[in-house]
Amino acid sequence: KDAELPSCMVKLQEVLTPATRIVVMAHASNILGRVYDLKELCDFVKDITNGRAHVIVDGVTAAPHRAPAVVETGVDWYVVSCHKLFGPHLGGLCGKNSAIEEIQKSVLSPEDGNTSSIDVASVKLY
């Protein structure tokens with residue numbers, strides 16, 4: 001069965017467990033000349049982690065060439081730096097509703113003495 005998996009998924013299978021909570025991956029590699037199938041990778045990660053891991057994708061090399069289909073792929077967070085788009089030195093973070101709500105409850109909430117200095121400039125739910 002493993003012989004049928006792409007090499008990146010074989011590596012993921014070796015390191016992921018049901019206890020894994022965060023998986024970070026690139027959407028594309030300009031060094032290897034690859035664009036990864038985010039839906040396939042997200043489904044794979046969610047299956048191994050029983051849906052508990054957040055998938056964070058670095059889209060800086062892919063975003064200038066293709067619109068990221070964040071909702072369709074199952075990505076929890078998609079990150080882009082505008083300097084690759086010949087824009088200002090700013091960044092963008094797109095998250096699924098459930099991921100945003102989870103962060104708002106746990107990290108951004110002042111409950112239980114949390115004194116986080118993180119502010120949300122704007123949240124637009126899709």
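How each quantity is defined
- Residues numbered from 1 in each chain as written.
- Predicted model: local features only at pLDDT ≥ 70, side-chain atom pairs only at ≥ 80, totals over all residues.
- Heavy atoms only, no water.
- Helix = DSSP H or I, 4+ residues; strand = E, 2+ residues; numbered from the N terminus.
- Contact = heavy atoms within 4.5 Å.
- Salt bridge = Lys/Arg side-chain N within 4 Å of Asp/Glu carboxyl O.
- Buried < 20%, exposed > 50% of the residue type's maximum accessible area, 1.4 Å probe, protein only.
- Core = buried A, V, L, I, M, F, W, Y, C linked by side-chain atoms within 4.5 Å.

J.: How should the environment of Gly74 be read in this particular structure?
T.: Topologically, Gly74 is positioned in the loop between α3 (70–73) and β5 (77–81). Between the C-alpha atoms of Gly74 and Lys39, which are 35 residues apart in sequence, the distance is 6.1 Å. The residues contacting Gly74, other than those within four sequence positions of it, are Cys42, Lys46 and Lys96.

J.: Which parts of the structure should I look at to understand the pattern of salt bridges?
T.: Side-chain pairing between opposite charges can occur once the charged atoms of the two side chains come close. Using the criterion set out here, one finds four salt bridges in the structure. As a salt-bridge pair, Glu14 and Lys11 come within 3.6 Å of each other at their nearest N and O atoms. With Glu14 and Lys11 both in helix α1 (residues 7–15) and three residues apart, the pair spans about one turn of that helix. For the pair Glu14 and Lys11, a shared accessibility class is recorded, and that class is exposed. Residues Asp43 and Lys39 are paired through a salt bridge, measuring 3.0 Å at the closest nitrogen-oxygen approach. Of this pair, Asp43 and Lys39 both sit in helix α2 (residues 38–48), four residues apart, which is roughly one turn of the helix. Taking the relative accessible area as the measure of exposure, Asp43 reaches 40% and is therefore partly exposed. Connected via shared salt-bridge partners are Lys46, Asp76 and Lys96.

J.: Even after reading the chapter, I still don't get the nonpolar core, so can you show me in this structure?
T.: Within soluble globular proteins, side chains that are nonpolar generally end up buried alongside one another. By size, the foremost hydrophobic cluster in this structure holds 22 residues, and its most contacted members are Leu12, Val23, Met25, Val45, Val57, Val75 and Tyr78. Elements with a contribution of two residues or more to this core: α1, β1 (22–26), α2, β4 (54–58) and β5. Considering each element in turn, this core owes the most residues, six residues, to α2. Among residues more than four places away in sequence, those in contact with Tyr78 are His27, Leu38, Val57, Gly59, Ala62, Ala63, Pro68, Val70, Gly92, Leu93 and Cys94.

So yeah, pure geometry; function would need other evidence.
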